[in-house]
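Working through the structure, step by step
The primary structure of each chain is shown beneath.
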Amino acid sequence: MTDTKRSWLTTSPVAAVLLPVVGLIGAIALWWLATVVFGIDSYLLPGPQDVVSTFLDQPAYLLKETGTSMIETVEGFLLAIVLGVPIAVLIVRSVILERLVYPLLLMVNAIPKIAIAPLLVVWMGFGQWPKVVMVLLVCFFPIVISTAQGMKSTPVELVELLRSLNASRIQEFFKLRLRYAMPQIFTGLKVAISLAVIGSVIAEFVGATQGLGYVIQQSGASADTSLAFAAITLLSIMSIVLFYGLVLLEHLLLPWAQETR
Amino acid sequence: MIRLDGVGQVFDGREGQVTALEEIDLHVRPGEFVTLIGRSGCGKSTLLRLIAGLLPPTYGEVRVADEPVTRPRRDVSFMFQRPALLPWRSVLSNVMLPVEIEGDKGRAAYRDRAHELLELVGLKGFEGRLPHELSGGMQQRVSLCRSLIRDPQVMLMDEPFSALDALTRTELSGELQRIKMELSTTIVFVTHSIEEAVVLADRVVVLTPRPGRVREVVDIDIPRPRSLGRNAHLTEVAEISGLLHGLLAEKEARPVDEVRP
Ligand SMILES: Nc1ncnc2c1ncn2[C@@H]1O[C@H](COP(=O)(O)OP(=O)(O)O)[C@@H](O)[C@H]1O
Ligand SMILES: [Mg+2]
């Protein structure tokens, strides 16, 4: 009896969707229960109902700020792809370039990004650029690394095959190497997108007039904990949406990759 | 069709130079089926890659159809031990790869030809599948179709069936002989199975261990079609196999081989 129950919970696709929902609802219920049972003041820990009502007080405002953060995040992320992938390609193609650039990349990556945030404000002001650049900085490295690794993993026999067909270098790149690297590139992108959200919030903490990071910072100043919680919730929803957007894209673009790996 | 004159190949290995092939003189007539046997590491693959134009010989001359080989030719196809299919391409589009790489001319006609070839090897109905959905034998059949799509004058095959189970291997060698009779292609086929070499070949070329030289060329006059499994000419096959075995084994006593495990 228990056996069949367990197998249903592990195998059924309905359960696969239902279980996380149950977990989430359970956690929220516990949270609510804790605030009630221990009588915690709402400026210390607001209950879920406070957070929801804070959101419902000003949904347009909060959604607009979410949009701002989202756009900065996506712009920085796309910029990191546009710059990172070609650089990875160059690194793979030339040993000299790899030796020249790679340590530099490592060094830049080693800098705690939050330490640069105030500098970016000095250089670029309070607009969206310092945020986009911050996102770019945090995303860049994982994208370069995963792309470079992916490009290096092309099996020799496939390269030899294309050579035997008299393929040009460009054909070899687009028809083979880049395609072959795609699953690994996506692995890098999924790491990068989570970092991207963190990057945009950091940048907004330091010098911004809008965005969810700015909302959180302001709410701290006025001890409006519910507002901070609402903003944090929106941030994590945004992060999850972006992440699963990538997962979906990967499924659509690389149906072959799930099986071969 | 294929002519090698005084061909030698020396590689720069990590521990100095490695002579892979030495003084190879070989003449393959049009429409002939030549199999190449020799111990592993004796330079069989290297010899094929020289004929394919994937590797320039250190000395000597390689000619195909009376022209010196300087790069891969469109009328010479190469088939590898592993299927070397692009995992994101359907069966049909893998077969069409050589045509696609060459350019657009006559795509439609080649597409019909691809369907024809796939039907010939029993893959009708699998055109839209991805490689990972096929068994190893089916994958190698796709690879065979791909090497036939441009109606090659010469097919170079590097142990193409050695990764397959015995039954599939027998089937495929039967199919290859049928195709061969139909198309009168010139084939150079590397194998480490003596029996396979005898069953397939008009002539068997035996190479010595490193450096590879032509030890002996044995004519096979057994009438076709021949089969790897049940065989009307078992005694002849056994007799020649024994002879070849002797030729291969005789070199074992030489000290050069004792170095290698
Ligand atoms: N690109 C290369 N660089 C250095 N040595 C090579 C290279 N290709 C092959 N060799 C050497 O040449 C010899 C013959 O190799 P190969 O033609 O692959 O043998 P076979 O196919 O008969 O097993 C081997 O000793 C191998 O180590
Ligand atoms: Mg080999």
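Residues numbered from 1 in each chain as written. Chains lettered and ligands numbered in written order. Predicted model: local features only at pLDDT ≥ 70, side-chain atom pairs only at ≥ 80, totals over all residues. Heavy atoms only, no water.

If you check an unreviewed UniProt entry, chain B appears there as NitT/TauT family transport system ATP-binding protein from Kribbella antiqua.

Applicable threshold: UniProt positions are given in the numbering used here, feature names are shortened, and annotations may be inferred rather than shown by experiment.
Going by an unreviewed UniProt entry, chain A carries the name NitT/TauT family transport system permease protein and comes from Kribbella antiqua. The heading Sequence similarities (unreviewed entry) in the UniProt record of chain A holds the text "Belongs to the binding-protein-dependent transport system permease family."

**Overview of the domain arrangement of chain B**
Residue and element names in this part refer to chain B. For clarity, the threshold we go by: The domain limits used here are those given by an automatic or database domain assignment. Whether two residues are in contact is decided by their heavy atoms, any of which lying within 4.5 Å being enough. Buried surface area refers to the total accessible area, computed with a probe of radius 1.4 Å, that the two partners give up upon joining, counted for both partners together. Salt bridge, as used here: a side-chain nitrogen of Lys or Arg that lies within 4 Å of a carboxyl oxygen of Asp or Glu.
Taken domain by domain, chain B holds domain 1 (2-75 + 152-260) and domain 2 (84-151). Here domain 1 and domain 2 have C-alpha centroids that lie 25 Å from each other. With 15 residues of domain 1 at the contact, the number on the domain 2 side is 14 residues. Carbon and sulfur atoms make up 58% of the surface buried where domain 1 meets domain 2, a total of about 1,400 Å² over both sides. Connecting domain 1 to domain 2 are three salt bridges. Two residues, E175 and R141, come together in a salt bridge whose shortest N-O distance is 3.2 Å.

**Regarding the packing of helix 6 (residues 113-124) of chain A against helix 7 (residues 129-152) of chain A**
Working note: a packed helix pair is described by the angle between its axes plus the distance between those axes. Residues and elements named next belong to chain A. Quick note on the threshold: Angles here are taken between N-to-C directions and fall from 0 to 180 degrees, while the axes themselves are lines fitted to C-alpha atoms, restricted in helices to the stretch in contact. Secondary structure elements are taken from DSSP: a helix is a run of H or I of four residues or more, a strand is a run of E of two residues or more, and numbering for both begins at the N terminus. Here a crossing is called left-handed whenever its near helix is offset anticlockwise from the far helix by less than a right angle, and right-handed whenever the offset is clockwise. Note on residue categories: nonpolar means Ala, Val, Leu, Ile, Met, Phe, Trp, Tyr, Cys or Pro, charged means Asp, Glu, Lys or Arg, and polar means any other residue, Gly included.
Look at helix 6 against helix 7: their axes get within 9 Å of each other, and the N-to-C directions meet at 145°. Handedness of the crossing formed by helix 6 with helix 7: right-handed. Together, K113, I116, A117, L120, V121 and M124 of helix 6 and W129, P130, V133, M134, L137 and V138 of helix 7 make up the contact between the two elements. Of the residues assigned to the contact of helix 6 with helix 7, the class counts are 11 nonpolar, no polar and one charged.

**A few points about the interface of chain B and chain A**
Taken together, the contacts link 22 residues of chain B with 18 residues of chain A. Around 2,000 Å² of area is buried between chain B and chain A when both sides are counted, 68% of it from carbon and sulfur atoms. Area buried by chain B at its contact with chain A is led by W88(B), I101(B) and H132(B), which between them contribute 34% of it. At the boundary of chain B and chain A, one finds three salt bridges. For E100(B), the salt bridge goes to K175(A), with nearest N and O atoms at 2.6 Å. With four residues, the top contributor of residues to the side of chain B that touches chain A is helix 3 (residues 97-102) of chain B. Each residue belonging to the side of chain B that touches chain A can be placed in one class, and the counts come to 13 nonpolar, one polar and eight charged.

**Some details on helix 5 (residues 95-110) of chain A**
All names here are of chain A. For clarity, the threshold we go by: How far a helix is expected to stretch is found by multiplying one less than its residue total by 1.5 Å. Two axes are fitted around each residue, one to the seven residues ending there and one to the seven starting there, and the angle between them is reported as the bend at that residue. We define a polar contact as two N or O atoms separated by no more than 3.5 Å, with the added condition that, inside protein, one atom must be a possible hydrogen donor and the other a possible acceptor, whereas residues neighbouring each other in sequence contribute only through side-chain atom pairs.
The end-to-end C-alpha distance of helix 5, which contains 16 residues, comes to 22 Å, matching closely the 22 Å that a straight helix rising 1.5 Å per residue would cover. The principal kink in helix 5, of about 30°, is found at V101, preceding the proline P103 by one to four residues. N-cap assignment for helix 5: the residue whose side-chain oxygen lies 3.4 Å from the backbone N of I96 is S94.

**Thoughts on the site of ligand 1**
All names here are of chain B. Put simply, the test is: A cutoff of 4 Å decides nearness: a residue is near a molecule or strand if any of its heavy atoms lies inside that distance of it. Per-residue and other accessible areas were derived by the Shrake-Rupley procedure at a 1.4 Å probe size, with only the shown protein chains allowed to occlude residues.
Every residue close to ligand 1 is listed here: F11, A20, R39, S40, G41, C42, G43, K44, S45, T46 and R210. Here G41 contributes a backbone N or O atom positioned 2.7 Å from an oxygen atom of ligand 1. In this structure, G43 approaches ligand 1 through a main-chain N or O atom, which is 3.0 Å from an oxygen atom. Look at ligand 1: alone it shows 560 Å² of surface, and the protein chains cover 65% of it. A per-class count over the shell around ligand 1 returns three nonpolar, five polar and three charged.

**Overview of the pairing of strand 6 (residues 76-79) of chain B**
All names here are of chain B. The line we're drawing: Relative accessibility thresholds used throughout: buried, under 20% of the residue-type maximum; exposed, over 50%; partly exposed, between the two (1.4 Å probe, protein chains only). When DSSP locates at least two bridges between a pair of strands, those strands are taken to pair.
Residues of strand 6 alternate between two faces, with V76 and F78 on one and S77 and M79 on the opposite face, all of them buried. For strand 6 and strand 7 (residues 154-158), the ladder comprises four bridges, and the chain directions are parallel. Across the sheet, residue F78 finds its bridge partner in strand 7, namely L156.

**What about the layout of surface pockets?**
Residue and element names in this part refer to chain A. This is how the line gets drawn: In this analysis the probe radius is 1.4 Å and the grid spacing 1 Å, with only protein atoms considered; a cavity is a set of points the probe fits into but cannot get out of, a pocket is an open set with protein on both sides within 12 Å along at least five of seven lines, and lining residues have an atom within 4 Å of a point. Grid points are joined across faces, edges and corners, and a volume is the space filled by probe spheres set on the points.
The calculated volume of the largest pocket comes to roughly 480 Å³. Contributing to the lining of the largest pocket are 14 residues, with L24, I28, T233, S236 and I237 lying nearest its centre. For the lining of the largest pocket, the secondary structure elements donating two or more residues are helix 2 (13-37), helix 3 (48-57) and helix 11 (225-253). Considering each element in turn, the lining of the largest pocket owes the most residues, seven residues, to helix 11. Residues from two domains meet in the lining of the largest pocket; each of domain 1 (13-45) and domain 2 (46-259) gives at least three.

**Here's the deal with the packing of aromatic side chains**
Residue and element names in this part refer to chain B. The line we're drawing: Two rings belonging to Phe, Tyr or Trp (six-membered ring only in the last case) form a pair when the distance between their centres is within 6.5 Å. Interplanar angles under 30 degrees mark stacking, angles over 60 mark edge-to-face geometry, and anything in between is tilted.
For the coordinates displayed, the defined rule picks out eight aromatic pairs over all chains. Both rings, one in F33 and one in F189, keep their centres 6.0 Å apart while their planes meet at 50°; by these two values the pair is tilted. You can see F33 sitting in strand 3 (residues 33-37) and its partner F189 sitting in strand 8 (residues 186-190), a full 156 residues away along the chain.

**Re the sheet that holds strand 9 (residues 203-207) of chain B**
Within a beta sheet, neighbouring strands are joined by backbone hydrogen bonds and run either parallel or antiparallel to one another. Residues and elements named next belong to chain B. Strand order in the open sheet made by the six strands is 6-7-8-3-9-10, with mixed pairing throughout. Of all the strands in the sheet, just strand 6 and strand 10 (214-219) have a single pairing partner and so form its edges. Averaged over all pairs of adjacent strands, the angle between their axes in this sheet comes to 15°, without regard to strand direction. Pairing of strand 3 with strand 8, which is carried by four bridges, proceeds in the parallel orientation. Its bridge partner being in strand 8, T35 is matched across the sheet by F189. In the packing of helix 5 (residues 136-148) onto the sheet, contacts are made with strand 6 and strand 7, and the angle to strand 6 comes to roughly 165°. Running over the sheet, helix 8 (residues 234-250) touches strand 3, strand 9 and strand 10 and is turned about 180° from strand 10.

**Here's the deal with the environment of I202(A)**
Residue and element names in this part refer to chain A. Following the sequence through the fold, I202 ends up in helix 9 (residues 169-206). Once the C-alpha coordinates of I202 and G76 are considered, the two residues, 126 residues apart in sequence, prove to be 13 Å apart. Look past the residues within four positions of I202 in its chain and what remains in contact with it is I114, A117 and M134.

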